[in-house]
Number of protein chains: 2
Amino acid sequence: MTMTTLPIQVQLTETKKPKPDSETLEFGRVFTDHMFIADYTEGQGWHDHRIVPYAPLSLDPASIIFHYGQTVFEGLKAYSSEDGVIRLFRPEENMKRMNLSSDRLCMPQIDEELALSGLLQLIEIDKDWIPNAEGTSLYIRPFIISTEKFLGVAPSRSYRFMIILSPVGSYYKEGIHPIKIKVESDYVRAVSGGTGTAKTAGNYASALKAQQVADAQGYSQVLWLDGVERKYVEEVGSMNIFFKINGEIITPAVNGSILEGITRKSILELLRHWEFPVTERKVSMDEISSAYENGQLEEIFGTGTAAVISPVGELNWKGEKMVVNNMEIGALSKKIYDTLTGIQTGKVKDPFDWVIELNQNLVKQL
Amino acid sequence: MTMTTLPIQVQLTETKKPKPDSETLEFGRVFTDHMFIADYTEGQGWHDHRIVPYAPLSLDPASIIFHYGQTVFEGLKAYSSEDGVIRLFRPEENMKRMNLSSDRLCMPQIDEELALSGLLQLIEIDKDWIPNAEGTSLYIRPFIISTEKFLGVAPSRSYRFMIILSPVGSYYKEGIHPIKIKVESDYVRAVSGGTGTAKTAGNYASALKAQQVADAQGYSQVLWLDGVERKYVEEVGSMNIFFKINGEIITPAVNGSILEGITRKSILELLRHWEFPVTERKVSMDEISSAYENGQLEEIFGTGTAAVISPVGELNWKGEKMVVNNMEIGALSKKIYDTLTGIQTGKVKDPFDWVIELNQNLVKQL
Ligand SMILES: Cc1ncc(COP(=O)(O)O)c(C=O)c1O
Ligand SMILES: Cc1ncc(COP(=O)(O)O)c(C=O)c1O
């Protein structure tokens, strides 16, 4: 990949914040010293790309973002490892997906290379914030908000693109524990023709209620079904889902309502590289339930940036509890987890060219 | 209705803005001198109810509102008439609906009376902003945004409730012209189990794309169909919809995916009061199309706060163009429009007790 050299203005902070203890880090509560910003004005395009001290935004109360949620976001991570190298996992895929999301939301496209270059510079500036305890990382949140001061329901004529960074703790502080998931029968996340394929605010707002109900019942996530027939598996809160049934690995096909995860995509490539039998297709809950009854439901795992692999130990479908692989992580889940996290941290060879090493790229660029 | 006396702190502006010319007013671009604010903190509830000068908000870039769209809003109007009285139309219904929306979005309930009381005080302070040319009004936008600085997908632990006011021009500057509407076959607004019944940002963000396509085809709005069978009529952009077929008035029943409009509700009450045959039920596009072919499709109108009544002159369903009532406003549409706008401006007697007069209520209250 080649990087564009950019006129990014950099203004460094005068008061660096204390860094958090990497042992007690939570997710998404602490942010680094700087942020990347670019503004969009109709007729002018994106302008004023800059890295500035992390600070509050000042927005008119009538800004479209507060009323009609015209916004998209992304989520990815940078990893710092024992070898001192800072790595990013397929960040160009996130920039590409952000543009797909923006298209659905009638928002302007960003220059993906330029955004990536801004991100790399930002990380370089705040690299001391990347925790390096096992399993920790720097969570990266690019997002674009609509800023026009207007109460009419119409695409905004101005936007702000920002990237903020948050050091996050290990997802698996006490080892990998399979999670319990509730199959959602009342609420629907997205339907074909809606915004399910985009990473946009409304999809997450609408998911809160089902999550709250599931929490109260002792389930850590919900598994969404399709909104039309309420039969087919879609995805989990912030993860795609895979099933291993009688040796075959199955994940719901991209269908116009699920988010196409970058972890999902990478796992499909990995499994095909390994020559495992893997299928993208419709999967009904009836099929899962029969497989369970026949003793063929071997593994279930969620996939996403946050946890990489999240084995599912129990699935509750309308009261029917399916315990998977004895509530233990399956061999395949473990193999995928070790391979992906190994590639992300440079401990396993990356035959796919998925990883971008920070220093090397900045050298190319500056 | 009784009003609660409230400890609302009032801080008046020192620099009043110039008022716009009421002849050239647009919708939702100009705001008055003050705004109402209340803050919510978990454990403490709503606090610091205040009226302050209209000013930008300062929010952390990691605030939940920017990422996951946890927010609700309302829209209503205040009317100033020749008799010098300022009137609001069923504002308590908006506060009630805001609480219903909040419930769907896992947001805290507001005290409806207190919010209404705050609104009336705010209008009293900014009442010189209410335009009084025929058809003009003061648009009122209550909204609640999630303010916690946190990137986890979970209900926010802090919120801000605001009310802002915008003087708006007449919807029908050049007389009532029936609009052309496209029946949407590709995109879906909402599905049962989703957030369609709530007035929340994501529903509007997801609607932008279909609207953009319709615009380009010369249609001013889209008519949404149900997301499951794509057969039944739901509602228009920001309006509910009514059909008059062979003497019967029909509107889609509240079904778990449409917004229950206050104008819709009022029109149903009015029609029943007039003893017109009116039905809330499922209406398919097939039925509309057959009625059209049989010459029984007499009137179609949209209903909502913005235009009150918006007659539909053409409906385009997959290329089939149905011209309604010769592109002219129908007699019933006109009768409802005159009655409702008459009640709203005090020119027609209000037998339903729908109108709140500002002065009278402030006297009750202060
Ligand atoms: C709804 C949803 N599905 C799936 C995923 C997994 O996507 P990825 O693997 O790109 O993190 C995410 C998280 O980004 C998500 O928010
Ligand atoms: C989606 C939607 N449907 C219907 C309506 C009409 O509701 P009301 O009559 O309360 O203005 C609105 C506007 O508020 C709306 O946004």
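Residues numbered from 1 in each chain as written. Chains lettered and ligands numbered in written order. Predicted model: local features only at pLDDT ≥ 70, side-chain atom pairs only at ≥ 80, totals over all residues. Heavy atoms only, no water.

## Quick look at the site of ligand 1
All names here are of chain A.
Right, so step 1: Not every one of the 16 residues close to ligand 1 is listed here, only the nearest: K199, Y204, E235, T263 and T305.
Right, so step 2: I262 places a polar main-chain atom, nitrogen or oxygen, 2.8 Å from an oxygen atom of ligand 1.
Right, so step 3: Here T305 contributes a side-chain N or O atom positioned 2.6 Å from an oxygen atom of ligand 1.
Right, so step 4: Here ligand 1 loses 97% of its free accessible area of 380 Å² to cover by the protein chains.
Right, so step 5: Here the residues of the shell around ligand 1 sort into four nonpolar, eight polar and four charged. (Near = heavy atom within 4 Å. Polar contact = N/O pair within 3.5 Å; in protein donor to acceptor, adjacent residues only side chain to side chain. Areas by Shrake-Rupley, 256 points an atom, 1.4 Å probe, with all protein chains shown as cover. Nonpolar A, V, L, I, M, F, W, Y, C, P; charged D, E, K, R; others polar.)

## Some thoughts on the nonpolar core
Right, so step 1: In this structure, A:F66, A:I164, B:F66 and B:I164 are the most contacted members of the largest nonpolar core, which totals 46 residues.
Right, so step 2: For B:F66, the contacting residues outside a window of four places in its chain are A:L57, A:L59, A:I65, A:F66, A:T71, A:F143, A:I145, B:L59, B:D60 and B:P61. (Core = buried A, V, L, I, M, F, W, Y, C linked by side-chain atoms within 4.5 Å. Buried < 20%, exposed > 50% of the residue type's maximum accessible area, 1.4 Å probe, protein only. Contact = heavy atoms within 4.5 Å.)

## Considering the relation of the copies chain A and chain B
Right, so step 1: Relative to chain B, chain A is turned by 180 degrees and slid 0.0 Å along the rotation axis, the superposed coordinates differing by an RMSD of 0.0 Å. The relationship between the two copies is best expressed as a two-fold rotation axis.
Right, so step 2: Residue by residue, 100% of the interface of chain A is reproduced at the interface of chain B, so both copies engage with the same surface. (Least-squares fit on C-alpha atoms with pLDDT ≥ 70 in both.)

## Brief notes about the side chain of B:S166
Right, so step 1: In this structure, B:S166 sits in strand β9 (residues 158-168).
Right, so step 2: Ignoring anything within four residues of it in the chain, the contact list for B:S166 reads B:G28, B:R29, B:V30, B:F31, B:S137, B:L138 and B:Y139. (Helix = DSSP H or I, 4+ residues; strand = E, 2+ residues; numbered from the N terminus.)

## Examining the pattern of salt bridges
All names here are of chain B.
Right, so step 1: Scanning the model with the defined rule gives 49 salt bridges over all chains in all.
Right, so step 2: Between E93 and K265 there is a salt bridge; the shortest N-O distance is 2.9 Å. Here the residue E93 occupies a position in helix α2 (residues 91-104), and K265 occupies one in helix α5 (residues 262-273), the gap between them amounting to 172 residues.
Right, so step 3: Residue K265 is classed as partly exposed on the basis of its relative accessible area of 24%.
Right, so step 4: Across the pair R157 and E148 runs a salt bridge, and its minimum N-O distance is 3.2 Å.
Right, so step 5: When its relative accessible area of 39% is taken as the criterion, R157 is described as partly exposed.
Right, so step 6: Taking relative accessible area as the criterion, E148 reaches 8% and is therefore assigned buried. (Salt bridge = Lys/Arg side-chain N within 4 Å of Asp/Glu carboxyl O.)

## A closer look at helix α2 (residues 91-104) of chain A
Right, so step 1: For α2(A), spanning 14 residues, the distance from its first C-alpha to its last is 20 Å, which sits close to the expected 20 Å at 1.5 Å a residue.
Right, so step 2: A positive phi of about 60 degrees marks A:C106, the residue just after α2(A). (Expected span 1.5 Å × (residues − 1).)

## Things to note about the UniProt feature "modified residue: N6-(pyridoxal phosphate)lysine" (unreviewed entry) in chain A
Residue and element names in this part refer to chain A.
Right, so step 1: Cross-referencing UniProt, the feature "modified residue: N6-(pyridoxal phosphate)lysine" (unreviewed entry) maps to K199 in the present numbering.
Right, so step 2: Turning to its location among the elements, K199 is positioned in the loop between β10 (179-183) and α4 (201-216).
Right, so step 3: Setting aside residues up to four positions removed in sequence, K199 forms contacts with T71, V72, F73, E74, G75, R97, S101, Y204 and L259. (UniProt positions renumbered as here; feature names shortened; annotations may be inferred.)

## Some words on the pairing of strand β13 (residues 240-245) of chain B
Residue and element names in this part refer to chain B.
Right, so step 1: Counting buried positions over the six residues of β13 gives six, a clear majority of the element.
Right, so step 2: In the sheet, β13 pairs with strand β16 (residues 297-304) via six bridges, with the strands oriented antiparallel. Across the sheet, residue I245 finds its bridge partner in β16, namely L297.
Right, so step 3: Bridge analysis of β13 against strand β14 (residues 248-252) gives three bridges, and the strand direction is antiparallel. In the strand pairing of β14, K244 is matched with I249.
Right, so step 4: The turn joining β13 and β14, which pair antiparallel and follow one another in sequence, is formed by two residues; a positive phi near 50 degrees is taken by N246. (Pairing = 2+ DSSP bridges.)

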